[in-house]
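Next come the chains, spelled out residue by residue.
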Amino acid sequence: MTRVFAMIMALGLGAAGAAAAQQEATETGTGATLRGLDKLTGKVTDIQLASGDSTQFGRIEIALGECRYPEGNRAGDAFAFLTIREAGKPDPAFRGWMIASSPALNPMDHQRYDVWVLRCTTS
C-alpha cells in the first residue's frame, strides 16, 4: 500500500516528492474520520469509520480500506483508501487514496456529494 501512495505522490509532486514519500515511514490507524457534504441540502456530516467497514451517506456507500499517517505523528497528514459507490450504479463513484491536506489532489467527482478525509483514528 505504501507503493500506491508513492505512485500518487509521484503523479502530484514529481519525482522528488515521490522519493521523499517513500522514505517517510507510516503507521496504520484503526479507522478514519471523514467529512461528507450533501451539496443539495448543504448538510455537513462527520463520519467515523473503522478500517474495513462501510456506511451509508445519503445515496452513497463509503467503504474504508485503511488509513495511514506519518510514523510518530498521529496529528500529521492522513491518507485513506476509500471506495465510494452510488446506489444503483455498478461502477464506483470513487476508488483510491484521499489525502487530508490535499483533498483536491485526488477528489471524488460527484454531482451531489463530496467526501474528504480529516484524520486517522487510533483507538
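Read on for an overview of the structure.

Reading the values: rules and limits
- Residues numbered from 1 in each chain as written.
- Predicted model: local features only at pLDDT ≥ 70, side-chain atom pairs only at ≥ 80, totals over all residues.
- Heavy atoms only, no water.
- Disulfide = S-S within 2.5 Å.
- Helix = DSSP H or I, 4+ residues; strand = E, 2+ residues; numbered from the N terminus.
- Phe/Tyr/Trp six-rings, centres within 6.5 Å; stacked < 30°, edge-to-face > 60°.
- Buried < 20%, exposed > 50% of the residue type's maximum accessible area, 1.4 Å probe, protein only.
- Pairing = 2+ DSSP bridges.
- Contact = heavy atoms within 4.5 Å.
- Polar contact = N/O pair within 3.5 Å; in protein donor to acceptor, adjacent residues only side chain to side chain.
- Salt bridge = Lys/Arg side-chain N within 4 Å of Asp/Glu carboxyl O.
- Axes fitted to C-alpha atoms, helices over the stretch in contact; angles between N-to-C directions.

## Brief notes about the state of the cysteines
All chains considered together, the criterion is met by one disulfide. The residue that forms a disulfide with Cys-67 is Cys-120, at a sulfur-sulfur distance of 2.0 Å. Since a negative S-S torsion denotes a left-handed disulfide, the Cys-67-Cys-120 link at about -90 degrees is left-handed. Of the two residues, Cys-67 is situated in strand E5 (residues 60-70) and Cys-120 in strand E8 (residues 113-121); the sequence distance between them amounts to 53 residues.

## Looking at the packing of aromatic side chains
Summed over the entire model, instances satisfying the criterion amount to three aromatic pairs. Aromatic side chains Phe-57 and Tyr-113 sit 5.5 Å apart centroid to centroid with 65 degrees between the ring planes, which places their arrangement in the edge-to-face category. Placement of Phe-57 in strand E4 (residues 54-57) and of Tyr-113 in strand E8 is noted, with a sequence separation of 56 residues between them. When sorted by exposure, Phe-57 lands in the same class as Tyr-113, which is buried.

## Here we look at the pairing of strand E2 (residues 31-38)
Walk down a regular strand and you will see the side chains alternate between the two sheet faces. The element E2 is largely enclosed, with a buried count of six among its eight residues. Here eight bridges tie E2 to strand E3 (residues 43-50), and the two strands are oriented antiparallel to one another. Paired with Thr-33 across the two strands is Gln-48, which belongs to E3. As consecutive antiparallel partners, E2 and E3 are separated by four residues, and within that stretch Gly-42 has a phi angle of approximately 80 degrees, a positive value. The sheet contact formed by E2 and E8 spans eight bridges and is antiparallel. If you follow Gly-36 over to E8, its bridge partner there is Val-115.

## Considering the environment of Arg-112
Its location among the elements puts Arg-112 in the loop between strand E7 (94-99) and E8. Here Arg-112 falls in the partly exposed class, since its relative accessible area comes to 27%. Beyond its immediate sequence surroundings of up to four residues, Arg-112 is in contact with Leu-37, Asp-38, Lys-39, Leu-40 and Thr-41. Side-chain polar atoms of Arg-112 contact the side chain of Asp-38, separated by 2.9 Å.

## Notes on the pattern of salt bridges
Oppositely charged side chains can pair when the atoms bearing their charge come close. Within the structure shown, the criterion is met by four salt bridges. Salt-bridge contacts for Glu-86 lead to Lys-89; the nearest nitrogen and oxygen are separated by 3.7 Å. Taking relative accessible area as the criterion, Lys-89 reaches 46% and is therefore assigned partly exposed.

## As for the sheet that holds E8
A sheet is described by the order of its strands in space; here three strands give the open sequence E3-E2-E8, paired in antiparallel fashion. Each edge of the open sheet carries a strand with a single partner, namely E3 and E8. Each strand axis lies, on average, 25 degrees off the axis of its neighbour in the sheet, ignoring direction.

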